[in-house]
Structure formats: structure tokens, C-alpha cells
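Listed below, chain by chain, are the residues.
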Amino acid sequence: QVQLVESGGGLVQAGGSLRLSCAASGRTFSNVMGWFRQAPGKEREFVAAISWSGGTYYVDSVKGRFTISRDNAKNTVNLEMNSLKPEDTAVYYCASGRGIYYSDPASYNYWGQGTQVTVSS
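All values derive from a computational prediction rather than experimental measurement.

(A) Representation of the overall build of the chain in the model. Scanning the chain from terminus to terminus reveals zero helices and 11 strands. In the chain, the order of α-helices and β-strands from amino to carboxyl end is β-β-β-β-β-β-β-β-β-β-β. Relative to its length of 121 residues, the chain is compact, with a C-alpha radius of gyration of 13 Å against a globular reference of 14 Å. Once the C-alpha set of the chain is aligned to its principal axes, its extents read approximately 40 × 25 × 25 Å. For the chain, buried positions account for 41% of its 121 residues. If you sum the accessible surface of the chain, you get close to 6,400 Å²; carbon and sulfur atoms cover 48% of it.

Below you can see the structure in the form of C-alpha cells.
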């Protein structure tokens, strides 16, 4: 069983930065780790993913602004978010899974509770 706990959300002005962290318990080192987000009234959206070997994948809207990283020894995944925009406002979820389609929520078996990120204009 895997449990995921996110932290690091908050309120920031446009152009600012936040760092989200996801602490995992259980065996996740061979899993893909991903970040998704969901804004009010919208579907859950893929943000970024990192494979067990360190390969990274991003949705186009965050490329060049967000960086995902993982520390397999510490069982943590981080999402560094820079140049934040109001449209980045959402609840951000950490996820873990073994599917091959990194942007598909169905590829992930485990989800955290989410952390709120609010970007003011």
C-alpha cells in the first residue's frame, strides 16, 4: 500500500514561486510519480510526471516554468513552480502508479489528498 501526502501549497502573487512536496510511504521507487491539478468546475489535468529512471514529462502550459524531481532514497517528489500565473490556481494532487500513459489519471493507482495553490493577479 502506498500513501501520499502533499505539502507546500499556498497563496502567491503572479510571477512568484512555490515548491510542492509529496512524501510517499510504501514502495514507490519503481513507480511513475505525477502531479495533477484541478480547478473549480474543471476536470483534473495532468501537470508533470517523472519516471523511476528520472525521465520527465510536462503539459505544454507549464514547460519552462515548472520542474519535477524525485529523491528515491527519501521517497519524495517535488514540483518547483516558477513564474506562476493566475491560471495555475488549482488543487494540486500527487499520484503514483505503474501505467505507461503518464498524462492519463487512469495510469495512477494512488493519490494524495491535494494541496491548494492560489495565484493572485
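What follows picks up the thread again.
(B) Seen up close, the pairing of strand β3 (residues 18-25). Only one face of β3 is covered, namely the one carrying L18, L20, C22 and A24; the face carrying R19, S21, A23 and S25 has none of its residues buried. Note that strand β1 (residues 3-7) and β3 share five bridges and pair antiparallel. Considered in β3, the bridge of L4 is made with A24.

(C) Region of interest: the sheet that holds β1. Taken together, the four strands give an open sheet; going across it, the order is β1-β3-β8-β7, and neighbouring strands pair in antiparallel fashion. Looking at the sheet topology across the chains shown, the edges are occupied by β1 and β7 (66-71). Direction aside, the axes of adjacent strands within the sheet are offset by 15° on average. When β3 meets strand β8 (residues 76-81), the two strands line up antiparallel, connected through six bridges. Its bridge partner lying in β8, S21 is registered against N78.

(D) Representation of the state of the cysteines in the model. Applying the stated criterion across every chain yields a total of one disulfide. Put simply, C22 and C94 are joined by a disulfide, and their sulfur atoms are 2.1 Å apart. Every disulfide takes its handedness from the sign of the S-S torsion; for C22 and C94 that torsion is -80°, giving left-handed. Of this pair, C22 sits in strand β3 while C94 sits in strand β9 (residues 90-97), and the two are 72 residues apart along the sequence. By relative accessible area, C22 is classed as buried at 1%.

(E) Fine view of the environment of A95. Turning to its location among the elements, A95 is positioned in strand β9. Sequence spacing of A95 and M33 is 62 residues, and the spatial spacing of their C-alpha atoms is 5.7 Å. Setting aside its immediate chain neighbours within four residues, A95 contacts L4, V32, M33, G34, F36, Y108, Y110 and W111.

Reading the values: the criteria
- Residues numbered from 1 in each chain as written.
- Predicted model: local features only at pLDDT ≥ 70, side-chain atom pairs only at ≥ 80, totals over all residues.
- Heavy atoms only, no water.
- Helix = DSSP H or I, 4+ residues; strand = E, 2+ residues; numbered from the N terminus.
- Rg over C-alpha atoms; globule rule 2.2 N^0.38 Å.
- Buried < 20%, exposed > 50% of the residue type's maximum accessible area, 1.4 Å probe, protein only.
- Areas by Shrake-Rupley, 256 points an atom, 1.4 Å probe, with all protein chains shown as cover.
- Pairing = 2+ DSSP bridges.
- Axes fitted to C-alpha atoms, helices over the stretch in contact; angles between N-to-C directions.
- Disulfide = S-S within 2.5 Å.
- Contact = heavy atoms within 4.5 Å.

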